[in-house]
Structures are given as structure tokens and as C-alpha cells.
Amino acid sequence: MSENKERLLVKGNEAIAIGAIDGGVECYFAYPITPQSDIPEYLSRELVRLGGEFVQAESEIASINMVLGAAACGKRAMTSSSSPGISLKQEGISYIAGSELPAVIINITRGGPGLGGIQPSQGDYFQSTRGGGHGDYRTMVLAPSTCQECYDLTIWAFDLAFKYRNPVLILGDAILGQMKEPITRWKEREINPNEGAEWRLTGKKGRKQRILKSLYLDEGAMEQHNLRLYKKYKSMETDLKWEEFMVQDADVIAVAFGSIGRIVKSTARKLRGQGLKVGVFRPITLFPFPYERIRELARSGKKFITIENNTGQMVEDVKLALCGICDCGFFANMPGKVSTPEDFIQPIKDQFN
Amino acid sequence: MNPGQEKLVYTLPKCMNDIPTHFCPGCHHGIIHRLVAQAIDEFDLQDNTICVGSVGCSVFIYNYIDVDSVEAPHGRAPAVATGVKRARPENFVFAYQGDGDLAAIGLSEIIHCANRGERVTIIFVNNTVYGMTGGQMAPTTLVGQKTTTSPYGRREDKEGYPLKMAEILGSLEGTAFSARVAVNNIKNILKAKKALKKAFQVQLQDIGFGFVEFLSACPTNWHMSPLDANKRIETELMPYFPLGIFKDKINE
């Protein structure tokens, strides 16, 4: 272990909170909700101790709008919640996207619809990857599958948020938030103090007024704005990220993200033990989605099955990627059910027929 | 007239842009904007101010007052202002909100912002209607007042009573200054300016949350001439919304 790293045993939620601190979060606003309350508990203690700002807001709506305000000042700002709370934040997320402000939003999902339950679910895939609020926008979406990734991707999320001036969402789930495993923490990380200097609000001293807004009433202005945003979302493809696990010689590829992606890897290992060539493709950026890479793999004659902890959401993106080259099987692990590697053995085996 | 005899009786505040506003004839937003701009000038805050715009007729405040600005979603200006102030406590932060924005959809945000004693100043324009959307019933519409969504007049047994925001916020510990003012005549304008400056002061002196409610005319949606609208402020609004200072920690 190098001197610049330390090893910790933490929950996924804590790994995110620690990642936020190491990612330079300065302002954090949140409202309690299970299964992510470890994040506000950790940051109300540690961020405040480090001189950062924490407000336990009166609502999810207020907390995302506090993020909007702090982000407008060029600060690394974050909020965290779980599914029903994220629904409430969608208005603010739309405004943050429309005003082109950087922000990190953590969703440790739970089951739905409605109050649902606190058991694991990946039911927020559509909401996360299609914008979620009103208007034609996208948030970048990162899906960790280990506590280490919770830490690493949270740090990366802040960098991406500033790179694109756009909200970046971490899509975890109750399994990930509540499980404990070792992570490696970086000790020192530099953040450019001039980040956002060309647009952030500071008071107009010595320069022209700056206005951060999402209202475009003049004829043609909104069209231009949307065109610019569209180009920006396309450009995010330069930061596509995914994991390929034993894909090279695989006959069947299971596509899965987040905690399910990890469980499916165990299934693949078991099936390899039975002589079946199974690989796993795990998208890490859910928006942008690695369509092109999946298409390439399909062209080489592989078969696909998508496995999700929902009734079928990411599978639509996989099918878009396959684009008629071949079909894609699907196995739904119902929201609320904690799955084991054994659950996926038969559905994957069926693809060999 | 000889040049030497010319006397400048009015000039635009330094931080105000010399452009026509989009406000209707007789609307009080223009006067209130000017008072805000004058207060910014008098405290020498133009370079140091961050304005939070809201949704409603006043959304274009950033086109008229030349300060750094951010636009909030409908009702959320006090939460956005909280984020701004927490991020940059060295800046002067104010938000400018209408009655639908502040007292209906944003009631939670304003109450909690005041209760936390956020060091921000909120300017609240109460004209008893939703102006921008065409004169619908507001949380401050008077009982009996006809609007496009209360065509029989606001009914106390169905729609309840208009909210008295200056009193409500004045009752909270975090509020350092809360007043209700009007700009329907010169005397009231002068009083309004004094109150507004106090609402600035409590932020500048780190005492607490500052709030001023302006009774404001909306001749267009009241279907009145500007002069009659001014009169209505006196005859109908003031009896229910009394002018006054409901909290003043500067003088405590």
C-alpha cells in the first residue's frame, strides 16, 4: 500500500460520503430517507468538521434548490436521497440541467412505486437515464457495483459535473448502500480553486453581470439552447465507462448494472465451471450508454440476456444497441427481492438453447 | 433655461439599467425595483450582490438590476438563496418574489428559510393575484375578490383567508426584521424605503433574516385604472393587510 492511500472497512453509503469529501464537496444539502441516511449522518459530522456547509433541509425540494444556489456560486455541491425523495428533486434537477450548473445527486434506490419499500430495486433506471424531470435534458448517470466504486465514482462525478456543467447522478441501491467491504482511500487530492471562474456568481466586481437561468423566451433562443444542450449530451460519450467480464470468448453475454451486475459475475463464474462460456457486460455509465460496444459484440455473433432488479428497463437500451442484429433475453429479479447468483443460472442457461 | 439653473431631481440608480421595463402601466413592480436598486446603491453593494430571481412578473429582475443573478424554480427562491448564502457568506444575497411564488407554492421554503435565520433578504410583492398567468386567485386574494379562478369572489368557507406573510414570518425566532409597506403614495414610498434598508441591514450586520412585504397594484388584473388601483391599496388592502413593522431586532 502506497503512502498516498489508506484501507478502510465501510458501508457503501459511507464510501459515497467519503468519496464526496475526497471529491472536494463544499456544500451538502439533504433530507433523511432510508436506505441512504448514513450519508447525511456522516457528512453532518465530517463535512462540518472540515469547514464545509451542511443544511438538513425542510424537504427534498428545498435541498436540491440549495444545491442549485451553491452550484451557481461554483461550489462543489451535492445532495443525496432515495427513490421517492429523488422524485421530489426532479424539478430542481431539470432547472440545474437547464441552467447548466454542476451538481452531484446520489440515489440509493429503494422499491416502488409510491412508498414501495426499503428493499433493493433498480426501478429508477428510466427516471435516471431519461432526464427524470420535465424538458429534453439528460443527467450523467454512474452505477457503482462495489463499495470501492461508490467511492471512486463519487469523486469522478464531481469532476464530470464541472467538465460538462451538468448534474451527475450516482445510481446505487439498498444492497450497495448497506453492505460493508474494504475500500482504498486516496489521501491527497487537489482541486483547482479557479474551477468555474468563467461563469460562477461572485458579485460582479471588476466584470460584467452574470445571469444563470433556464428561461429562454426570445424567438429562437430556446431552440439554440436545446441544440447546445443536445450537443453537450452527445459529447458525454467521450466518458463512457463499462466493465467486460470474460466477454472475449463468451457465447452468451449477461448485461447487468450495479449490484446485480456484480451478482451476475458470480453466476458467470459458476456457469464457466459447468463448461458454459458466459460473460458479463456491466455498463458503468448508464447515460451515456455504451450502445456501440454492445453492437460490436453482437456483430461477433454473441447472444445476450439482460438481468435487472426491475421488470425491464435497461433491456430497452440493450435492444436499441442490438438494433435488430439479434434479440435480447430478459430476466426480471422483482424489486424487493435480494438475489443470489443461483437465481440467474437457469435464465442464462436458457440462452444456450 | 440656463445650464446653471438646471436641477437634477431624479436619476436612475447606478445599478439599474436604462431600459424600458415590461411591466404594465400603473404596476408597482417598477417602483419597488427602483427602491431595491437605490438600497443596493446606498449600501454600495452592486459589486457584492447576488440576486435570486423567481417565477412570476418579476422574473426579469436581472435584466433591470445590474447584479449577478440566478433564477430559481417557482417558489424555491428562499432555498436557492440559502444555497447561495451558505456558499458565499461574504456576498449580499436577496430574492424578489410574488405572492403566488412565496405564499402558495413556496410557503415551506420561505418559512424554513426565515426560521433558520438565513442571512438573506426577501422582498415580497403582494398584489393579491397571479399576475403573469392572467389574474388567477392568489393566496393573498381578499375574501370576496373576483379573479379568473374565483369568479364568484373568494369564499372564506371554500378558499379560506388571505395569508398575512409579514405577521407570520415576524413571529419566527430566526426573523430579524419583518415589515409590510406600500408604495401607493410618496409618504408610503419613503417609509417603504426605510423598511427595505432595515431588511438589508439585518443581513449586513449578521443579525438574521430580513423580510419586507410590499402591497402592490396590479391594474391590469384588477381591471382598474392605475389611479383607482392605487386607491384600492388604501381602501381594500390596508384594512386587511395593515402596514407596519412586525419584527425589528435592530431596535431590540
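J.: When you look at the overall build of chain B in this model, what are you seeing that I'm missing?
T.: Secondary structure summary: chain B contains nine helices and nine strands in total. Along the longest, intermediate and shortest principal axes, the C-alpha atoms of chain B span 55 × 55 × 35 Å. Across the 252 residues that make up chain B, the buried fraction comes to 56%. Looking at chain B alone, contacts between residues at least 24 apart form 67% of all its contacts between residues at least 6 apart.

J.: How should the sheet that holds strand S3 (residues 92-98) of chain B be read in this particular structure?
T.: Adjacent strands of a sheet form backbone hydrogen bonds with each other and so pair up, either parallel or antiparallel. Pairing is mixed across the open sheet formed by eight strands, whose spatial order is S9(A)-S2(B)-S1(B)-S3(B)-S4(B)-S8(B)-S7(B)-S9(B). Strands at the two margins of the open sheet, each flanked by one partner only, are strand S9 (211-212) of chain A together with strand S9 (244-248) of chain B. Of the pairings in the sheet, the one linking strand S7 (residues 175-182) of chain B to S9 of chain B comprises four bridges and is antiparallel in character. Within S9 of chain B, the residue paired with Ser178 of chain B across the bridge is Lys247 of chain B. The sheet strands contacting helix H3 (residues 77-87) of chain B are strand S1 (49-53), strand S2 (68-71), S3 and strand S4 (121-126) of chain B, and the helix crosses S3 of chain B at an angle near 175°.

J.: So what exactly am I meant to see when it comes to the sheet that holds strand S7 (residues 167-173) of chain A here?
T.: Residues and elements named next belong to chain A. The seven strands are arranged S3-S2-S4-S5-S7-S6-S13 in an open sheet whose pairing can be described as mixed. Among the strands making up the open sheet, the edge pair consists of strand S3 (53-56) and strand S13 (285-287). Across this sheet, the average inter-strand angle for adjacent strands is 20°, counted without regard to direction. Here strand S2 (residues 27-30) pairs with S3 via four bridges, running parallel. Across the sheet, Phe29 pairs through a bridge with Val55, a residue of S3. Sitting on the sheet, helix H6 (residues 147-164) is in contact with strand S5 (103-109), strand S6 (140-142) and S7, with an inclination near 160° to S7.

J.: Would you mind showing me how to read the environment of Gly206 of chain A here?
T.: Within the fold, Gly206 of chain A resides in the loop between strand S8 (180-186) and S9. Using a count of 7 C-beta atoms within 10 Å as the deciding quantity, one classes Gly206 of chain A as exposed.

J.: Help me out: how do you make sense of the interface of chain A and chain B in this one?
T.: Frequently, the measure chosen for interface size is the accessible area that the parts lose on association. On the chain B side, the residues contacting the 34 residues of chain A number 28 residues. Every element with two or more residues in the side of chain A that touches chain B is listed here: S2, S3, helix H3 (60-72), helix H4 (83-98) and S9 of chain A. No other element matches H3 of chain A, which puts nine residues into the side of chain A that touches chain B. In terms of strand pairing, S9 of chain A meets S2 of chain B through two bridges, oriented parallel. Paired with Ile211 of chain A across the strands is Ser69 of chain B, a residue of S2 of chain B.

J.: Looking at this model, I keep getting lost on the domain arrangement of chain A. Mind explaining?
T.: Residues and elements named next belong to chain A. Partitioning chain A into domains gives domain 1 (5-238) and domain 2 (242-350). If you look at the interface, domain 1 gives 27 residues, while domain 2 gives 21 residues. Mapped by element, the contributors of at least two residues to the side of domain 1 that touches domain 2 are helix H5 (125-129), S6, S7 and helix H7 (174-178). Looking at the side of domain 1 that touches domain 2, the element that brings in the most residues is H5, giving four residues.

J.: How should the nonpolar core be read in this particular structure?
T.: Across soluble globular proteins, nonpolar side chains have a tendency to be buried as a group. By size, the foremost hydrophobic cluster in this structure holds 176 residues, and its most contacted members are Ala254 of chain A together with Val84 of chain B. For this core, the element with the most residues is H6 of chain A, which contributes 11 residues. In this structure, this core is formed jointly by two domains, domain 1 (5-238) and domain 2 (242-350) of chain A, each of which donates at least three residues. Look past the residues within four positions of Val84 of chain B in its chain and what remains in contact with it is Gly69, Ala70, Ala72 and Cys73 of chain A together with Ile50, Val52, Val70 and Val93 of chain B.

J.: Please clarify how the packing of helix H10 (residues 291-299) of chain A against helix H11 (residues 314-322) of chain A should be interpreted in this entry.
T.: Packed helix pairs are characterised by how far apart their axes lie and by the angle those axes make with each other. Residue and element names in this part refer to chain A. At a closest axis distance of 8 Å, the pairing of H10 and H11 adopts a crossing angle of 60°. Here H10 lies oblique to H11, going by the angle between them. Crossing of H10 against H11: the hand is right-handed. The residues of H11 that touch H10, namely those facing Tyr291, Ile294, Arg295 and Ala298, are Val318, Leu320, Ala321 and Leu322. Classifying every residue of the contact of H10 with H11 by side-chain character gives seven nonpolar, no polar and one charged.

J.: Quick question: what am I supposed to make of helix H9 (residues 258-273) of chain A here?
T.: Residue and element names in this part refer to chain A. Taking 1.5 Å of rise per residue, the 16 residues of H9 would be expected to cover 22 Å, and the 24 Å separating its terminal C-alpha atoms lies within 8% of that figure. When we look at burial in H9, the residues that qualify are Gly258, Ser259, Ile260, Gly261, Arg262, Ile263, Val264, Lys265, Thr267, Ala268 and Leu271. Backbone geometry just downstream of H9 places Gly275 in the positive-phi region, at approximately 90°.

J.: How should helix H1 (residues 29-42) of chain B be read in this particular structure?
T.: Two residues of an α-helix separated by three or four positions point the same way, owing to the 3.6 residues in each turn. Here H1 of chain B spans 20 Å end to end across 14 residues, near enough to the 20 Å set by a 1.5 Å rise per residue. For H1 of chain B, the set of buried residues is His29, Ile32, His33, Arg34, Leu35, Val36, Ala37, Ala39 and Ile40 of chain B.

J.: Where do I start with the environment of Thr139 of chain A in this structure?
T.: Residues and elements named next belong to chain A. Relative to the elements of secondary structure, Thr139 occurs in the loop between H5 and S6. For Thr139 and Arg189, which are 50 residues apart along the polypeptide, the C-alpha to C-alpha distance reads 25 Å. Look past the residues within four positions of Thr139 in its chain and what remains in contact with it is Ile93, Ala97, Ser128, Gly131, Gly132, Asn166, Pro167, Val168, Leu169 and Phe287.

Cut-off values and rules
- Residues numbered from 1 in each chain as written.
- Chains lettered and ligands numbered in written order.
- Predicted model: local features only at pLDDT ≥ 70, side-chain atom pairs only at ≥ 80, totals over all residues.
- Helix = DSSP H or I, 4+ residues; strand = E, 2+ residues; numbered from the N terminus.
- Buried ≥ 20, exposed ≤ 12 C-beta atoms within 10 Å, placed from the backbone.
- Contact = placed C-beta atoms within 7 Å.
- Pairing = 2+ DSSP bridges.
- Axes fitted to C-alpha atoms, helices over the stretch in contact; angles between N-to-C directions.
- Domains from an automatic or database assignment.
- Core = buried A, V, L, I, M, F, W, Y, C linked by C-beta atoms within 7 Å.
- Parallel < 35°, antiparallel > 145°, perpendicular 65-115°, else oblique.
- Left-handed = near helix turned anticlockwise from the far one by under 90°.
- Nonpolar A, V, L, I, M, F, W, Y, C, P; charged D, E, K, R; others polar.
- Expected span 1.5 Å × (residues − 1).

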